[in-house]
Amino acid sequence: MKNVGGRHNLLLLLSTFFFGGFEVLNAVPYDYTASAECLANPHKPQYGGGVIVNPELNEGLKGWSSFDNAKIQHRESKGNKFIVALGRNQQHASVSQKVTLQSGKLYTFSAWIQASKGGVPVTAMFKTGSGTYMRAGSIVAESNCWSMLKGGFPASASGPAELYFESKDPSVEIWVDSISLQPFTEEEWKSHQDQSIAKIRKSNVKIQAVDKQGKPLANAKISIQQKSPTFPFGCSLTKYILKNTAYQNWFLSRFTVATFGDEMKWYSTENTQGHEDYSVADAMLQFTKQHNIAVRGHNVFWDDPFYQLGWVKSLSPQQLASATQKRLNSVMNKYKGQLIGWDVVNENLHFNFFESKMGANASALFYNWAIRADAATTLFLNEYNTIEESADEATTPAKYLRKLKEMRTFPGNERGRFAIGLESHFTTPNIPYIRSSIDTLAAAGVPIWITELDVANGPKQTLYLEQILRETYAHPHIQGIVLWAGPTEKGCYRMCLTDNINFKNLPNGDVVDKLIHEWGLKGLVSGTTDAKGFFEASLSHGDYEVSITHPTSKSSSLVQRLNVKPTASSQKPLFLKFSS
């Protein structure tokens, strides 16, 4: 507690509770649930099926037909009814249903899928009347149990469309049940975001000012300054910050977490075999420590062969195993206890340099070594296109979860603190797909971070950036966001927030500042108490400094620290008394 001014004859009454948020009248609530398990029976369809006719197949084949000459059957097993596409002679041959899409609406889709043999990717597709195709999402279907496919898309035009399912293996029967297609207006979608932010990121704080005798003080001036937000919101850093004061001032006034762009990577710290140099990373870490900036470790290994040093590529499998173990132990032991997480293997759903040299378990082995080196630090799989591109079959949410399970179940890895890292390098965002993909990933029950968020340059870059930030910040399972916009002397990777000389905001930077202010991640709330001495504010979770002044008080100002966190509305108020 910090007291300012001498005698104190004020009393503050503080209580915290969940803030209800904003609602669109009669809006259908969004269902964030998803399943990562293969179940004996599917769940009921979300939203009662939405606009899908006969979603549980309880009315035979009503509403359903054949697509591309597939044979279809209505079947029942242990009381559960479903539809089957069989006799397929091409990947598109399937069951189908015709629907009508409405331009401007955002559609969330789900279905439960089974295949006649296991490990088969199945994709839900929509063919529009104009002949265009939209992917709703994909799942890796198993036999003898049901897997949930969840996805979505925005409708760019109104008119008829046909839902169908495809698999590249035409010999596989596709079984489908509990199908749902639910439309939302943009206003309803924004309402979901607002309600989620109000519920998971903020709490309503009520403060009462009274005098020494307990009488309410009206018109007392209240100032609430945030000192440290709970939600980690940050940006990548480059060594350029070490010698640029403008860069430092710009970064420190906005962010609480950082990822070093290149400076911790293997090619930066051991350019020549046997000659390690951590001096740049050390200097950057010293800078972040001085300013209470948390740091994500990026990365121990990168599976892309393009980014391997020549000497690494030349090693035999045995030599590479020795070199990788030395690298991991060196960097992780050096920074043990100083980082909030490590990207242990970068992009190993897309690439397999180490697997091609050391065997299929190379990445799982790296996590095993990492757990032994630093079991207390969160270990990320870091990958791109899992939420950015539904057409990238290598990194769908289902494929990501299979890889995560492979890493977690490798002998000795059970005690590791695993997490999901979503790079989030976007071109044109599919907002419903982003949300549903995170829903699916969240079913794994591990932390999820947006780790390298940027948007490709284009006329809508700023608009897309704001849409993605709003969507990811509002999702109840996202635990941190890091932008990928660290400047160098030559500029930025794909997205700049500022100019490169004076660090004055560009339009993208203005979007970031607007949202930081709107979300209350860095800011000041002020006002005056009402006739009963009360002041109320909705505050983002974090640490605050509350100051209060009143003309009748003998003290010039009273200052108290306040921690705002999620609480139950029934929690008893906290009484803070200040008296001489």
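Residues numbered from 1 in each chain as written. Predicted model: local features only at pLDDT ≥ 70, side-chain atom pairs only at ≥ 80, totals over all residues. Heavy atoms only, no water.

(A) Quick look at the state of the cysteines. If you walk through the whole model with that rule in mind, you get 2 disulfides. Disulfide partner of Cys38: Cys145, at an S-S distance of 1.9 Å. Between Cys38 and Cys145 the disulfide shows an S-S torsion of about 95 degrees. By sign, it is right-handed. With Cys38 in the loop between β2 (10-17) and β3 (65-67) and Cys145 in the loop between β9 (133-141) and β10 (147-154), the pair connects residues that are 107 residues apart, well separated along the chain. Its relative accessible area of 30% is what places Cys38 among the partly exposed residues. Across the disulfide, Cys492 is cross-linked to Cys496 (sulfur-sulfur distance 2.2 Å). Handedness here is read from the sign of the S-S torsion; for Cys492 and Cys496, about 120 degrees, the answer is right-handed. Counting its disulfide-bonded cysteines in sequence order, the chain shows a connectivity of 1-2, 3-4. (Disulfide = S-S within 2.5 Å. Helix = DSSP H or I, 4+ residues; strand = E, 2+ residues; numbered from the N terminus. Buried < 20%, exposed > 50% of the residue type's maximum accessible area, 1.4 Å probe, protein only.)

(B) Fine view of the UniProt feature "domain: GH10" (unreviewed entry) in the chain. The UniProt record annotates "domain: GH10" (unreviewed entry) at residues 218-515. Secondary structure across residues 218-515 divides into 38% helix and 20% strand, with the first and last C-alpha atoms of the span separated by 32 Å. (UniProt positions renumbered as here; feature names shortened; annotations may be inferred.)

(C) The arrangement of the pairing of strand β14 (residues 221-229) in detail. As judged from the 8 bridges shared by β14 and strand β26 (residues 542-549), these two strands associate in the antiparallel manner. Paired with Lys221 across the bridge in β26 is Thr549. Pairing analysis gives 5 bridges linking β14 to strand β24 (residues 524-528), with the strands arranged antiparallel. Among the inter-strand pairings, Gln225 is bridged to a residue of β24, identified as Leu524. (Pairing = 2+ DSSP bridges.)

(D) Looking closely at the packing of aromatic side chains. For the coordinates displayed, the defined rule picks out 36 aromatic pairs. Considering the side-chain rings of Tyr240 and Tyr247, the 5.9 Å spacing of their centres and the 50 degrees angle between planes classify their relative orientation as tilted. Accessibility classification places Tyr240 together with Tyr247 in one group, the buried group. Their ring planes at 15 degrees and their centres at 3.9 Å tell us that Tyr473 and Trp519 sit as a pair that is stacked. Pair noted here: Tyr473 is in helix α11 (residues 461-474) and Trp519 is in helix α12 (residues 507-519), with a separation of 46 residues, a long-range link. As far as the burial class goes, Tyr473 and Trp519 line up, both buried. Positioned above the aromatic ring of Tyr473 is the side chain of Arg201, whose terminal nitrogen or guanidinium carbon lies 5.1 Å from the ring centre. (Phe/Tyr/Trp six-rings, centres within 6.5 Å; stacked < 30°, edge-to-face > 60°. Lys NZ or Arg CZ within 6 Å of the ring centre and 35° of its normal.)

(E) Examining the side chain of Ser138 more closely. With respect to the helices, strands and loops of the structure, Ser138 is situated in strand β9. Under the relative-accessibility criterion, Ser138 is labelled buried at 12%. At a separation of 2.9 Å, a polar atom in the side chain of Ser138 contacts the side chain of Thr123. In this structure the side chain of Ser138 is engaged in a polar contact, spanning 3.4 Å, whose partner is the side chain of Arg135. (Polar contact = N/O pair within 3.5 Å; in protein donor to acceptor, adjacent residues only side chain to side chain.)

(F) A look at the nonpolar core. If you look at the biggest cluster of nonpolar residues, it comprises 94 residues, and the most contacted ones within it are Phe233, Phe251, Trp342, Leu469 and Leu483. Broken down by element, this core gets its largest block of residues, 8 residues, from helix α8 (residues 362-373). Setting aside chain neighbours within four positions, we find Leu483 in contact with Phe233, Gly234, Cys235, Ser236, Phe255, Leu453, Leu465, Leu469, Met495, Leu497 and Val512. One finds Ile83, Phe109, Ala141 and Leu149 within the second-largest nonpolar core, a separate group that totals 34 residues. (Core = buried A, V, L, I, M, F, W, Y, C linked by side-chain atoms within 4.5 Å. Contact = heavy atoms within 4.5 Å.)

(G) Molecular detail of the pattern of salt bridges. Tallied over the entire structure, the rule returns 23 salt bridges. For the salt bridge of Arg254 with Asp513, the shortest nitrogen-to-oxygen distance reads 2.7 Å. Remark: Asp513 occurs in helix α12 and Arg254 occurs in the loop between α2 (245-252) and β16 (257-260); sequence separation between them is 259 residues. Overall, Arg254 belongs to the buried group, its relative accessible area being 16%. Given a relative accessible area of 24%, Asp513 falls into the partly exposed group. For Asp262, the salt bridge is made with Lys265, and the minimal N-O distance between the two is 3.2 Å. (Salt bridge = Lys/Arg side-chain N within 4 Å of Asp/Glu carboxyl O.)

(H) Spatial organisation of α11. Here α11 spans 20 Å end to end across 14 residues, near enough to the 20 Å set by a 1.5 Å rise per residue. With 11 of its 14 residues buried, α11 lies for the most part within the structure. For α11, the complete set of buried residues consists of Gln461, Tyr464, Leu465, Glu466, Ile468, Leu469, Arg470, Glu471, Thr472, Tyr473 and Ala474. (Expected span 1.5 Å × (residues − 1).)

(I) Representation of the sheet that holds strand β11 (residues 159-166) within the structure. Pairing is antiparallel across the open sheet formed by 5 strands, whose spatial order is β3-β6-β11-β8-β9. Pairing within the sheet leaves two strands with one partner each, and these edge strands are β3 and β9. Shown here is a sheet whose adjacent strand axes are inclined to one another by a mean of 35 degrees, direction ignored. Across 6 bridges, strand β8 (residues 120-128) lies against β11 in antiparallel orientation. Within β11, the position partnered with Phe126 by the bridge is Leu163. Against the sheet, helix α9 (residues 397-409) contacts β8 and β9, and its axis sits at roughly 25 degrees relative to β9. (Axes fitted to C-alpha atoms, helices over the stretch in contact; angles between N-to-C directions.)

(J) Looking closely at the sheet that holds strand β12 (residues 174-184). The strand order across the open sheet formed by 5 strands is β4-β5-β12-β7-β10, and the pairing between neighbours is antiparallel. The open sheet has two free edges, formed respectively by β4 (71-77) and β10, since each of these has just one partner strand. Here the average twist between neighbouring strands, direction ignored, is 35 degrees. Two elements, strand β7 (residues 106-115) and β12, share 9 bridges in a ladder whose sense is antiparallel. By the bridge assignment for β12, Ala115 is matched with Ile174. Strand contacts of helix α10 (residues 431-442): β7 and β10, with the helix running at about 160 degrees to β10, the strand carrying the most contacts.

(K) Region of the structure containing the UniProt feature "active site" (unreviewed entry) in the chain. The sites that carry the UniProt feature "active site" (unreviewed entry) are, in the present numbering, Glu452. Here Glu452 shows up in strand β22 (residues 448-455). There is a polar contact of 2.9 Å between the side chain of Glu452 and the side chain of Asn382.

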